[in-house]
Amino acid sequence: MSTNAVTRSRLVAFAGQLGKFGAVGLVGFVVDVTVFNLLRSTVFDPEIVHAGPIYAKIVSTVLAILANWIGNRYWTFGTSRRPRALREGLEFFAVSLVGMGIGLFCLWLSHYVLGYTSIIADNVSSNVIGLGLGAVFRFTLYRYWVFAPGRVDAAPAAPAVDRLTAGPRGLVGER
């Protein structure tokens with residue numbers, strides 16, 4: 001197989017994985033935005049709870065993380081998922097929490113530092129800017145750490161012994 005064909009094949013596989021990540025992310029986005037806006041306009045309204053937008057974002061993001069873990073584990077990175085789901089889930093959650101922190105920072109900066117306090121400004125800062133920056137961060141760490149294809153949880157297998165090249169104390173010397 002030529003180098004161009006291998007490169008093209010890898011690029012197509014990467015694009016497919018990126019597309020699946022985007023589709024799963026879209027589901028998570030719908031969960032996140034719906035729950036965020038529902039909570040922000042009801043129980044976490046800033047008129048009732050000063051830090052309401054932050055609390056609403058934390059709850060909505062945690063629910064979206066759960067939905068995204070299921071989708072990414074079984075679909076996006078399904079071929080490279082590991083048998084130790086708890087460890088993988090904890091790593092996924094840790095990466096997702098940092099991604100959530102990126103979105104929260106954008107919301108905090110916009111709402112409390114820059115003074116953009118409308119529901120539209122809160123959505124743009126957290127669900128457009130923060131989510132976009134967080135998505136790049138999460139995809140990179142999911143692909144190269146949490147669901148890395150070459151990463152294995154099992155102990156490495158003992159190396160096979162080549163009978164023709166074993167030393168004097170090895171298999172050849174046992175005759």
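Note that the coordinates shown come from a computational prediction; the quantities given were computed from them, not determined experimentally. (Residues numbered from 1 in each chain as written. Predicted model: local features only at pLDDT ≥ 70, side-chain atom pairs only at ≥ 80, totals over all residues. Heavy atoms only, no water.)

Re the packing of helix H3 (residues 85–113) against helix H4 (residues 119–146)
- For the pair H3 and H4, the least separation of the axes is 8 Å and the interaxial angle reads 155°. Our classification of the angle between H3 and H4 gives roughly antiparallel. As H3 packs across H4, the resulting crossing turns out to be right-handed.
- In the contact of H3 with H4, the residues fall into 15 nonpolar, nine polar and four charged. (Axes fitted to C-alpha atoms, helices over the stretch in contact; angles between N-to-C directions. Helix = DSSP H or I, 4+ residues; strand = E, 2+ residues; numbered from the N terminus. Parallel < 35°, antiparallel > 145°, perpendicular 65-115°, else oblique. Left-handed = near helix turned anticlockwise from the far one by under 90°. Nonpolar A, V, L, I, M, F, W, Y, C, P; charged D, E, K, R; others polar.)

Focus: the packing of helix H2 (residues 52–76) against H3
- Contact pair H2 / H3: the axes reach a minimum separation of 9 Å and the direction vectors enclose 145°. For H2 against H3, the interelement crossing comes out right-handed.
- Residue composition of the contact of H2 with H3, grouped by class: 14 nonpolar, six polar and three charged.

Digging into a nonpolar patch on the surface
- A cluster of nonpolar side chains, Phe105, Trp108, Leu109, Val113, Leu114 and Tyr116, forms an exposed patch at the surface whose accessible area comes to about 610 Å².
- Following the sequence through the fold, Trp108 ends up in helix H3.
- Residue classification places Trp108 among the partly exposed positions, given a relative accessible area of 40%. (Patch = residues over 30% accessible without salt bridge, like charges linked within 9 Å, V, L, I, M, F, W, Y side chains within 5 Å. Areas by Shrake-Rupley, 256 points an atom, 1.4 Å probe, with all protein chains shown as cover. Salt bridge = Lys/Arg side-chain N within 4 Å of Asp/Glu carboxyl O. Buried < 20%, exposed > 50% of the residue type's maximum accessible area, 1.4 Å probe, protein only.)

Regarding the pattern of salt bridges
- In this structure the tally under the stated criterion is four salt bridges.
- Note that Lys57 and Asp32 form a salt bridge whose closest N and O atoms lie 2.9 Å from each other. Within this pair, whereas Lys57 is found in helix H2, its partner Asp32 is found in helix H1 (residues 3–40), the two being separated by 25 residues in sequence.
- Here Glu88 makes a salt bridge to Arg73, at a shortest N to O gap of 2.1 Å. Placement of Glu88 in helix H3 and of Arg73 in helix H2 is noted, with a sequence separation of 15 residues between them. Neither Glu88 nor Arg73 differs from the other in exposure class; each is buried.

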